[in-house]
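Descriptive structure summary
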Amino acid sequence: MGRQGFSTLVMVFFVWNSMLSISCANKSDPQTSDHSLAVEEAQYWIDQNQPDRAIEILSPLLSTPDSDAAERIRLTLASAYVSRSGVDLVQLIAVIKKSREFSSEIGTNISDVESKVLQYIGANPDLADSREVFLVLIQVYRTIFTIIETVELLEQFPTANPGQQPDLQQAIRILRESPTPLSNGSVLYRGMLRFIDFQMNLKSQKYFSSIQICKITRDSFFSELKRVENDFVGILEDLEQGLTKPKDQSRIRNFKTQVQEELNKIYSQSFHEQELYEIQLSLNRWLSPDGEGLCP
Amino acid sequence: MSLMVSWAVRVVMLLWAISSCWATAQMTNNHSIKGPVPLELRQMILGGTCQVLFTSEAGLPCHPAALAREKQNTFASQIYLGEHYDRVNGYRKDIENKNELGLVEKLFEETEPLHVRVGSALWVKSPVVSVAYVPLHVSYYSDFRNRAYPEVDLKILVERSVQIQGAHSVDLAQSQLLLGLQMRGVDRQTLFQNVALFDVLSDPKILQIETHESLFLEPGVIWIHESSWQPRVSLMAQNLQVYQSGAQPPAALAGNYFDLGSGFSVPMSYGQLDLGVNYRNDPQIEEFSERIRFGTGYNLGLMNANFSIGVDQWAIGVSTSFLSARTGVAFFQDNVTGWDGTRETKQTVTLEFGLVF
């Protein structure tokens, strides 16, 4: 190789390096691309009903420092556990739709009846005394239907498969342990998962266990009630942050305040032993499967 | 000599470096929605190969230069409907009315992937110029993922457009050179987003329905050898945007490309049979094999049949005319390969109705 050949090789080397650095200047960070691919692959396995593989892929990446990918990894990993628990959140869409249709349907029906009866009363002065009674009846009617509507909606909420609740709780734990604040949508997701967990705890009588073994005391009753309060208020706080419309936030905030005020009234009561016994009997009957109660 | 070699090496390395960067560019899905919207079922079936297949007298040429081969003036109106067009019509209304919550409820009930195209077009053509008006074209693509954290990948396009084609032919020795220019003005509403249910419930305004208007100029040329087989080569630049207003178009709709095609006509006693191949040089299509498509068209009297095939995709359709009425049906199949290597097949059917005068 002569001098000319060597100088050609040197030129080629420098040109190659400069072309690579110029033409590939906009390539994305390889680590971000790897994490995005891992999330996509994990979502694929969740869609194929193989959440274990998704958990295997994403668990090692949970402590990633990349803030853009970190929330995505955390959310997808949590959803893999939710998938493994058997919770199908697509059912939520039907619940949302039904809640909008049902509320407006009942509201319209009651308003129609109300206006017709009020018109009739207005046309018959001898019925004027019945007006107040009638308005109270309408209010009771609305309350009963709201309760029925709420219970029907709660029945349709998705739940986990029997024995798989620990996976749902692991998903909630992953979302609670985020080192950086989650987006509003992610907080709403966490709130919904906590509500499903809460509902399952109520149905499976995980609260008020001291009542079930017939050993209620004032302290044990208040401590169980506090546990229910903490779980429920935590859900309301997630919903308040997750729903960004001021009207929704204000509604939840007011409800939270109302619940806490009612509970504070209970905490300030000094219950006698007989009163505690009555409470235990009532709750015991309510919680036991046949309604007869477990305690003598 | 060594100077030439060194420059040749530099050029080769430059091309290699650039192409390997393009190879990492984001790949679009198989349902390419860039470029002109199809005005009829034949154009949907054939894709890029439509530019070198001349087997439809009633149809509008995909390549503007092919207009120079027209023998008479024609007026036509067409409507084509994919399956589930009624659902897509609901989405279109929600998009036009910016009803985000209504759209969310419908979108997240769609748990199977869905691809639908619906459209209508009116055109008039002569051997020199054609004008086409598309009052409505809707392309809807959705892919639902993850029932434990519901997400939808959406590509919804609602388009109105006007297209003008002009052509001129130049006679050469034993061949013809056809020159054409297509001008396309579009008004689009788009919703191209990956949307999570809980993000939308938290704030419905994150659904970004955007509007933009664009003007494209698309030149093309066809060379035909005047023999019994009529071998031809075509070249057309597409999606060359010269004006744009409103929101920035989504990346899947942006970027120009060119189609390079070759074809011939088989001399037959009955009817006309054309065969062709098209190469689409689009940087957004990563795999080389996915840029190539083969197509064929056969015309016999009132009947026109078309077939095209590419990697992982094929389509077949037939249309017939009676007096002024025209009707057609087409079948499309796409094969999608999952992460674990398994292949899944998506099939759709589209119908067409029209009038030709």
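How each quantity is defined
- Numbers given to residues run from 1 along each chain, matching the order in which its sequence is written.
- All chains are assigned letters beginning at A, and all ligands numbers beginning at 1, according to the order in which they are written.
- Confidence filtering applies because this is a predicted model: local features only for residues at pLDDT of at least 70, side-chain atom pairs given and counted only at 80 or more, and all residues used for totals across whole chains, interfaces and linings.
- Water and hydrogen atoms play no part in the side-chain values, which are based on all heavy atoms of the structure.
- Secondary structure elements follow DSSP: runs of H or I no shorter than four residues count as helices, runs of E no shorter than two count as strands, and numbering proceeds from the N terminus.
- Contact between two residues is taken to exist if any of their heavy atoms lie within 4.5 Å; hydrogens are not considered.
- For every accessible area listed, the method is Shrake-Rupley and the probe measures 1.4 Å; residues are considered covered only by the protein chains on display.
- Under the scheme applied here, a residue whose accessible area is under 20% of the maximum for its type counts as buried, over 50% as exposed, and between as partly exposed, the area being computed with a 1.4 Å probe on protein chains only.
- To obtain an axis, a line is fitted to C-alpha atoms, over the contacting stretch when the element is a helix, and the angle between two such axes runs from 0 to 180 degrees between their N-to-C directions.
- Orientation labels follow simple angle bins: below 35 degrees gives roughly parallel, above 145 gives roughly antiparallel, 65 to 115 gives roughly perpendicular, and whatever is left gives oblique.
- In this scheme the handedness of a crossing depends on how the near helix is turned from the far one: anticlockwise by less than a right angle means left-handed, clockwise means right-handed.
- Under the grouping applied here, Gly and all other residues not named as nonpolar or charged are polar, the nonpolar ones being Ala, Val, Leu, Ile, Met, Phe, Trp, Tyr, Cys and Pro and the charged ones Asp, Glu, Lys and Arg.
- Strand pairing follows a simple DSSP-based rule, namely that at least 2 bridges must link the two strands.
- A helix is expected to reach a length of 1.5 Å times the quantity of its residues less one.
- Two cysteine sulfurs form what is called a disulfide whenever their separation falls within 2.5 Å.
- We define a salt bridge as a contact between a side-chain nitrogen of Lys or Arg and a carboxyl oxygen of Asp or Glu at a distance within 4 Å.
- Here, the arc refers to the directions that run from the helix axis to the C-beta atoms.
- The aromatic pairing rule takes the rings of Phe, Tyr and Trp, using the six-membered ring of Trp, and pairs them if the centres are within 6.5 Å, calling planes under 30 degrees apart stacked, those over 60 edge-to-face and the rest tilted.
- Only buried Ala, Val, Leu, Ile, Met, Phe, Trp, Tyr and Cys residues count toward a nonpolar core, and they belong to the same one when joined by side-chain atoms within 4.5 Å.
- Across the chain, each position has a pLDDT score giving the predictor's confidence in that residue, from 0 to 100.
- Contacts described as polar in this section are N or O atom pairs within 3.5 Å, which, within protein, must combine one atom able to donate a hydrogen with one able to accept it, while residues neighboring in sequence count only if both atoms come from side chains.

1. Brief notes about the overall build of chain A
The number of helices and strands found in chain A is twelve helices and zero strands. Put simply, chain A runs from its N terminus to its C terminus through helices and strands in the order α-α-α-α-α-α-α-α-α-α-α-α. Nonlocal contacts in chain A, meaning residues at least 24 apart in sequence, comprise 67% of its contacts between residues at least 6 apart. As displayed, chain A has an accessible area near 17400 Å², and 55% of this comes from carbon and sulfur atoms.

2. Some remarks on the overall build of chain B
Within chain B one finds five helices and 15 strands. Counting every position in chain B, which comprises 357 residues, the buried fraction comes to 48%. Carbon and sulfur atoms make up 62% of the accessible area of chain B, which totals about 15900 Å².

3. Concerning the packing of helix α8 (residues 184–203) of chain A against helix α10 (residues 218–242) of chain A
All names here are of chain A. With their axes 7 Å apart at the nearest point, α8 and α10 run at an angle of 150° to one another. Relative to α10, the element α8 lies roughly antiparallel. Regarding α8 and α10, the two cross each other, and that crossing is left-handed. Where α8 approaches α10, its residues Asn-184, Val-187, Leu-188, Arg-190, Gly-191, Arg-194, Phe-195 and Phe-198 are matched on the opposing element by Val-228, Asp-231, Phe-232, Gly-234, Ile-235, Asp-238, Leu-239, Gln-241 and Gly-242. For the contact of α8 with α10, a count of residues per class yields eight nonpolar, five polar and four charged.

4. With respect to the pairing of strand β10 (residues 272–281) of chain B
All names here are of chain B. Of the pairings in the sheet, the one linking strand β9 (residues 257–266) to β10 comprises nine bridges and is antiparallel in character. The residue bridging Ser-262 from the neighbouring strand is Val-277, located in β10. Remark: five residues form the turn of the hairpin made by β9 and β10, two consecutive strands paired antiparallel; Gly-271 in that turn has positive phi of roughly 80°.

5. Regarding α8(A)
Residues and elements named next belong to chain A. An ideal rise of 1.5 Å per residue puts 28 Å on 20 residues; α8 measures up with 29 Å between its terminal C-alpha atoms. Among the 20 residues of α8, 17 are classified as buried, and the element is accordingly described as predominantly covered. Positive phi appears at Gln-205, one or two residues downstream of α8, with a value of about 60°.

6. A short note on the state of the cysteines
Joining two cysteines, a disulfide is a covalent bond between their sulfur atoms. Residues and elements named next belong to chain B. Summed over the entire model, instances satisfying the criterion amount to one disulfide over all chains. Here Cys-50 pairs with Cys-62 through a disulfide, and the sulfurs are 1.7 Å apart. Residues Cys-50 and Cys-62 are joined through a disulfide that is right-handed, its torsion about the S-S bond being 65°. Here Cys-50, found in the loop between α2 (41–46) and β1 (74–82), pairs with Cys-62, found in the loop between α2 and β1; they are twelve residues apart in sequence, far enough to count as distant. The exposure class assigned to Cys-50 is buried, which follows from its relative accessible area of 3%. Judged by its relative accessible area of 15%, Cys-62 falls in the buried class.

7. Considerations on the pairing of strand β11 (residues 292–300) of chain B
Residues and elements named next belong to chain B. Direction of pairing for β10 relative to β11: antiparallel, over a ladder of eight bridges. The partner of Asp-274 across the bridge, within β11, is Gly-297. Relative to strand β12 (residues 303–310), β11 is paired through eight bridges, and the arrangement is antiparallel. Bridge pairing in β12 places Phe-294 opposite Ile-309. Counted along the chain from β11 to the antiparallel partner β12, the turn is two residues long, and its residue Gly-301 has a positive phi close to 60°.

8. What about the pattern of salt bridges?
In total, this model carries 20 salt bridges over all chains according to the counting rule given. Two residues, Asp88(A) and Arg147(B), come together in a salt bridge whose shortest N-O distance is 2.9 Å. Placement of Asp88(A) in the loop between α4 (67–85) and α5 (91–123) and of Arg147(B) in the loop between β3 (129–145) and β4 (151–172) is noted, with the two residues assigned to different chains. Its relative accessible area of 17% is what places Asp88(A) among the buried residues.

9. Some words on helix α11 (residues 246–267) of chain A
Residue and element names in this part refer to chain A. The end-to-end C-alpha distance of α11 is 31 Å, a good match for the 32 Å that 22 residues give at a rise of 1.5 Å each. Listed in full, the buried residues belonging to α11 are Ile-252, Lys-256, Val-259, Leu-263 and Tyr-267. Projected down its long axis, α11 shows its buried positions confined to an angular sector of 80°, all on one face. For α11, exposure combined with an orientation more than 90 degrees from the buried face picks out Pro-246, Lys-247 and Arg-251. The secondary structure elements touched by the buried residues of α11 are α10.

10. Remarks on the packing of aromatic side chains
Each pair of aromatic rings is reported with the distance of its centres and the angle of its planes. Residue and element names in this part refer to chain A. Scanning all chains against the criterion turns up eleven aromatic pairs over all chains. Relative to Trp-45, the ring of Tyr-44 has its centre 5.1 Å away and its plane inclined at 70°; by these criteria the two rings are edge-to-face. On the basis of relative accessibility, which here comes to 12%, the residue Tyr-44 falls in the buried class. Taking relative accessible area as the criterion, Trp-45 reaches 3% and is therefore assigned buried.

11. Looking at the nonpolar core
One finds Leu89(A), Tyr189(A), Leu193(A), Phe108(B) and Phe198(B) to be the most contacted residues of the largest nonpolar core, which totals 74 residues. Sorting elements by how many residues they give to this core places α8(A) first, with nine residues. Apart from the residues within four sequence positions on either side, Leu193(A) is in contact with Val82(A), Leu89(A), Leu168(A), Ala171(A), Ile172(A) and Leu175(A). Among the nonpolar cores identified, the runner-up in size contains nine residues, and Val37(B), Ala76(B), Ala121(B) and Ala132(B) belong to it.

12. Here we look at the environment of Val195(B)
Residue and element names in this part refer to chain B. Topologically, Val-195 is positioned in strand β5 (residues 175–196). Relative accessible area serves as the criterion here: at 2%, Val-195 is assigned to the buried category. Between the C-alpha atom of Val-195 and that of Ile-206, which follows or precedes it by eleven residues, the distance is 8.6 Å. Apart from residues no more than four positions distant in its own chain, Val-195 is found in contact with Phe-108, Pro-150, Glu-151, Val-152, Leu-154, Val-200 and Leu-207.

13. Let's talk about the confidence of the model for chain B
All names here are of chain B. Residues with a pLDDT of 70 or more make up 90% of chain B, whose mean pLDDT is 83. For the stretch residues 1–31, pLDDT sits under 50, and the model shows 40 contacts to residues farther than four places along the chain or on other chains. Our summary of model confidence lists the complex with pTM equal to 0.73 and ipTM equal to 0.73.

14. A closer look at the side chain of Asn304(B)
All names here are of chain B. Following the sequence through the fold, Asn-304 ends up in strand β12. Taking relative accessible area as the criterion, Asn-304 reaches 7% and is therefore assigned buried. Side-chain polar atoms of Asn-304 contact the side chain of Asn-299, separated by 3.1 Å.

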